[in-house]
Amino acid sequence: MLEDVIESTNQYINSMSKNKRKKYGQFFTSMETARFMAGLYVIPEHMHKVRILDTGAGSGILSCALLERLEQVNSVQAVELTCYENDDNILGLLRENLQTFRDNYKKELQIQIITNHYITSQYLDFNHMLGGDSNPPKYDLVIGNPPYMKIPKHAPEAEAMPEICYGAPNLYFIFAAMGLFNLDDNREMVYIIPRSWTSGAYFRRFRQYFLTEGKLEHIHLFVSRNKVFDKEDVLQETIIIKVKKTKKAPEEVTITSSRSNRDFDQLTSLTVPYDLVVSGNDYYVYLVTDEREVSVLERLHKFDKTLPDIGLKMKTGLTVDFRNREILRDHAEEGAIPLFYSQHIKEGKIHFPIEKEHEYVVTNQTGLMQENRNYLFVKRFTAKEERRRLQCGVYLSRKFPQYERISTQNKINFVDGILTGMSECLAYGLYVVFNSTLYDEYYRILNGSTQVNSTEINAMPVPDLECIQEMGRMLMKSEDMSESNCDRILEECFE
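1. Considering the nonpolar core
In terms of nonpolar packing, the biggest core is built from 148 residues, with L70, W197, F210, L216, I219, I241 and F434 touching the most fellow members. With 10 residues, helix α8 (residues 171–182) is the single largest residue contributor to this core. In this structure L70 touches I43, V50, I52, V76, V79, Y105, K107 and L141, once residues within four positions along its chain are discounted. Core analysis: the next-biggest nonpolar cluster, separate from the first, contains 14 residues, I345, I350, F377 and I406 among them.

See below:
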């Protein structure tokens, strides 16, 4: 029967324009993915009646895959399925698919389709102190492929759940939070969602709620990010998670991976300590794929300091050049100061000028200028195919004595002393850290995008200040800025 549901869904996809489906954030799960997700649940032997919630049912693919799975579980005698779906375009297909299952199902099956908005119809329950049901319905199994769509920060869904939203949120993590709320204690939910929530300040509130009220038990990664959804051109890096509604963390998390949504019979599997996968006050989730990456985390998590702890901080460049065209200059002139771009970072050093356009600015805006002192410049953006994600260069103020102020374009980050700046040996020591293979691998584990996020860098574990300064002195003495030399110097910090 699931094959029939997939066929009817494909007919719907072919008949409905992508732009119209994008309006609802619709991306449909493949049959193989749906069966894999349904297979992740552990069904207790004593569970004779199972209550299922599908939080954004679409055409019913996930619901039907789970019904198919439960039909094979001997102990289960009855199933209650609740589906939320408010898209009129697909409601008819959902009803038709579920009716087909009901007519042919070998066990007692009750189905309810709720056409209210999944979030806004329940927000009073979620915030029960504002009203609503203090004892709302709960479910044994929650499954979901939520809509992937950014919404304004004042959208009804965002304002319904302010505890987990920051800025302009995406519907997918709001759905995931409500899904966990709907789950009964010690029961399980399985979601297919982007990996973007696993790090960064943007999703911090969500992670705090989600990973306090629930605990990750299984994470599945796709090696090829463009082969997750059939018939869809989706480049979002997507993962499958299984979460248990409990405040007690398991000892380990299982992390599996496949090349695409059709290779689940060729999984690679890794078992990792829970506190290595979910770490720190920010609840970052580290998506390791092999023992090498586990070793990277184990080594760096031995450090108990961060940049702010030792008086340093990474910040984003000050000047958005295309918004300040009137102050840009191609050549030096009276009153002009340098504007540093990522192109000025070459082989660990800062080269200026390089005869590119808009290398100078003339401005009185204090927010666009910074003191001419020592920094470590770090590129914010790199190409996906580039070997290194962290690319940096040492900026020394003494090489530009003619300037009291400089500016940085916002496509680079810079590390600065919070109060007093930094010495040259400290700048070189930071270069050893950020130019090392170990830290580049660490950042790739933490963040799957090509953007270097200052919030994440400021939360990374680093050696203590004295150790970084000593590494800087060693680098200055050797005059070898290569990655291999940085690796050698950093290794001494572990001895």
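2. Notes on the layout of surface pockets
Unoccupied space between atoms shows up once a probe the size of one water molecule is rolled over them. Taken as a whole, the largest pocket encloses approximately 690 Å³ of empty space. As for the largest pocket, its lining consists of 30 residues, and the residues nearest its centre are S196, F203, N447, S449 and Q451. The element contributing the most residues to the lining of the largest pocket is helix α14 (residues 454–459), with three residues. Residues belonging to the lining of the largest pocket are distributed by class as follows: eight nonpolar, 15 polar and seven charged.

3. Some words on the state of the cysteines
Applying the stated criterion across every chain, the model contains one disulfide. Note that C467 is cross-linked by a disulfide to C493, the S-S spacing being 2.3 Å. Here C467 is found in helix α15 (residues 465–478), whereas its partner C493 is found in helix α16 (residues 483–494), with 26 residues between them in sequence. Here C392 is not disulfide-linked; the sulfur of C486 is the nearest cysteine sulfur, at 7.5 Å. A relative accessible area of 4% places C392 in the buried class. The closest cysteine sulfur to the non-disulfide-bonded C425 is located on C467, 12 Å from its own sulfur.

So, how was this worked out
- Residues numbered from 1 in each chain as written.
- Predicted model: local features only at pLDDT ≥ 70, side-chain atom pairs only at ≥ 80, totals over all residues.
- Heavy atoms only, no water.
- Core = buried A, V, L, I, M, F, W, Y, C linked by side-chain atoms within 4.5 Å.
- Buried < 20%, exposed > 50% of the residue type's maximum accessible area, 1.4 Å probe, protein only.
- Helix = DSSP H or I, 4+ residues; strand = E, 2+ residues; numbered from the N terminus.
- Contact = heavy atoms within 4.5 Å.
- 1 Å grid on protein atoms, 1.4 Å probe; cavity = no way out; pocket = protein on both sides within 12 Å on 5 of 7 lines; lining within 4 Å.
- Points joined across faces, edges and corners; volume = space filled by probe spheres on them.
- Nonpolar A, V, L, I, M, F, W, Y, C, P; charged D, E, K, R; others polar.
- Disulfide = S-S within 2.5 Å.

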